[in-house]
Amino acid sequence: MTTHAVEAGHPPPSLLEKAAKVLSAFQSAGPRLTLTEVVQRSGLPRSSAHRILDQLVQLRWLEREGRDYRLGMGMLELGALASHHNRLRRAALPHLHALHESTGHLVHLTVLDGAEVVYLERIGGAEDSGLPSRVGGRQPAYCTAAGKAILAFSDGPLVEQVIRHGLRPRTPRTITRPMSLRGELAMVRERGVAFDYEEGYRGVFCVAAPLRGAGRAVAAISVCGNGAHRELERIAPAVLGCSRSVWQAMFGPGRHTKKPANTAEVSAPGVPQPAMDNMMSWLRFSDWM
């Protein structure tokens, strides 16, 4: 931003805004840009653009080859995850609305990110406004029905990562012992659904089913409500049926995911394992798109 703009009352751009200008320079451009081209497209001073480019290379959002810069694996991973989440949400949305109508309770679509679940969708009425969830919000996986539903059908190292992250008590009913959590996940695998009896919040009860084929869970669908503990067993088959309907909507009846060889051992240099797990999940989805 120019000195004239600052004097006119406009605050100088933040570091985040500068980084966004640099990344935006790669829109509608060739696959590679030089520092000079980034400066021209972003309008930033050369020194600022150079410093931000170096930082983005360190973060793997950009890659550098000689004098040229291009989008890096970090950006590709984020784009892949966003695409996967959008496809998942579009396929699930009509089934989530139907589940809400049939149960009368709040319905969530969630995915796992590290040791937390992230809410991709929240379908509810005015009576559900007091329940502690929002689209884009996060909750610890170990004390939510959705988190346990995904963890039960995940690789063992991911469960151990959640345990190492800490099983802190949220309520008197929170599972805080590793052995107890492992036993709970074994029961989820037997039942096909997971329950949350006030483990995350007092008075909030949930039941969740994993979204999966023959392999690992890639998401979960849950129904939650205040004082809904007497209905969880009755609601469970509907939640499980909803997850199966969403899976069929995405892949078609009678189709199964193709399991890549040795996915548990696949990794990439510099990519944290949770990010790689999410990428492998998306790649399995993309095989069918």
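Look above for the structure.
Not measured: the values here are computed from a predicted model.

Engineer: Could you give an account of the side chain of Thr110, with specific residues and numbers?
Structural biologist: With respect to the secondary-structure elements, Thr110 resides in strand E4 (residues 106–113). Residue classification places Thr110 among the buried positions, given a relative accessible area of 0%. Among all residues touching Thr110, those that are not within four sequence positions of it are Val117, Val118, Tyr119, Leu120, Ala146, Ile150, Ala219 and Ala220.

Engineer: Give me the lowdown on the packing of aromatic side chains, citing residues and values where you can.
Structural biologist: Applying the stated criterion to the full structure yields three aromatic pairs. With centroids separated by 6.3 Å and ring planes inclined at 75°, the aromatic side chains of Tyr197 and Phe205 adopt a geometry described as edge-to-face. Classification of Tyr197 as partly exposed rests on a relative accessible area of 30%. Relative to Phe251, the ring of Trp247 lies with its centre 4.3 Å away and its plane at 75°, an arrangement referred to as edge-to-face. Of the two residues, Trp247 and Phe251 both sit in helix H9 (residues 232–251), four residues apart, roughly one turn of that helix. Neither residue differs from the other here; Trp247 and Phe251 are each classed as buried.

Engineer: So what's going on with the pattern of salt bridges? Which residues, and what values?
Structural biologist: Scanning the model with the defined rule gives 13 salt bridges in all. When the shortest N-O distance is used, the salt bridge between Arg173 and Glu198 registers 3.0 Å. A residue pair is termed long-range when its members are at least 10 positions apart, and Arg173 in the loop between helix H7 (156–165) and helix H8 (178–191) and Glu198 in the loop between strand E7 (194–197) and strand E8 (204–211) qualify at 25 residues. Arg191 is the salt-bridge partner of Glu184, the closest N and O atoms lying 3.9 Å from each other. Judged by its relative accessible area of 15%, Glu184 falls in the buried class. A network of salt bridges, in which partner residues are shared, links Arg32, Glu63, Glu65 and Arg70.

Engineer: If you had to explain the packing of helix H2 (residues 15–24) against helix H4 (residues 46–58) to someone new, which residues and values would you point to?
Structural biologist: Interaxial distance between H2 and H4 falls to 10 Å at its minimum, and their mutual angle equals 85°. On the basis of the axis angle, H2 is roughly perpendicular to H4. In contact with Leu15, Lys18, Ala19, Val22 and Leu23 of H2, H4 contributes Ser48, Ile52, Leu53, Gln55 and Leu56. Among the residues forming the contact of H2 with H4, the class breakdown is seven nonpolar, two polar and one charged.

Reading the values: the criteria
In every chain, residue numbers begin from 1 and rise along the written sequence. In keeping with the predicted nature of the model, local features appear solely for residues at pLDDT of at least 70, side-chain atom pairs appear and are counted solely at 80 or more, and the whole-chain, interface and lining totals rest on all residues. Based on all heavy atoms of the structure, the side-chain values leave hydrogens and waters out of the count. Going along the chain from the N terminus, every DSSP run of H or I of four or more residues is numbered as a helix, and every run of E of two or more is numbered as a strand. We call a residue buried when its accessible area falls under 20% of the maximum for its residue type, exposed when it is over 50%, and partly exposed in between, using a 1.4 Å probe and counting protein chains only. By definition, residues are in contact when any of their heavy atoms lie within 4.5 Å. Stacked, tilted and edge-to-face pairs are distinguished by plane angle, under 30 degrees for stacked and over 60 for edge-to-face with tilted covering the rest, among Phe, Tyr and Trp rings (Trp via its six-membered ring) whose centres lie within 6.5 Å. The salt bridge definition used is simple: a Lys or Arg side-chain nitrogen within 4 Å of an Asp or Glu carboxyl oxygen. An axis is simply a line fitted to the C-alpha atoms; with a helix, the fit covers only the stretch in contact. Between two such axes, the angle follows the N-to-C directions and lies from 0 to 180 degrees. Orientation is classified from the angle alone, with under 35 degrees giving roughly parallel, over 145 giving roughly antiparallel, 65 to 115 giving roughly perpendicular, and any other angle giving oblique. Each residue gets one label: Ala, Val, Leu, Ile, Met, Phe, Trp, Tyr, Cys and Pro are nonpolar, Asp, Glu, Lys and Arg are charged, and the others, such as Gly, are polar.

Everything listed is a geometric property; what it means functionally is a separate question.
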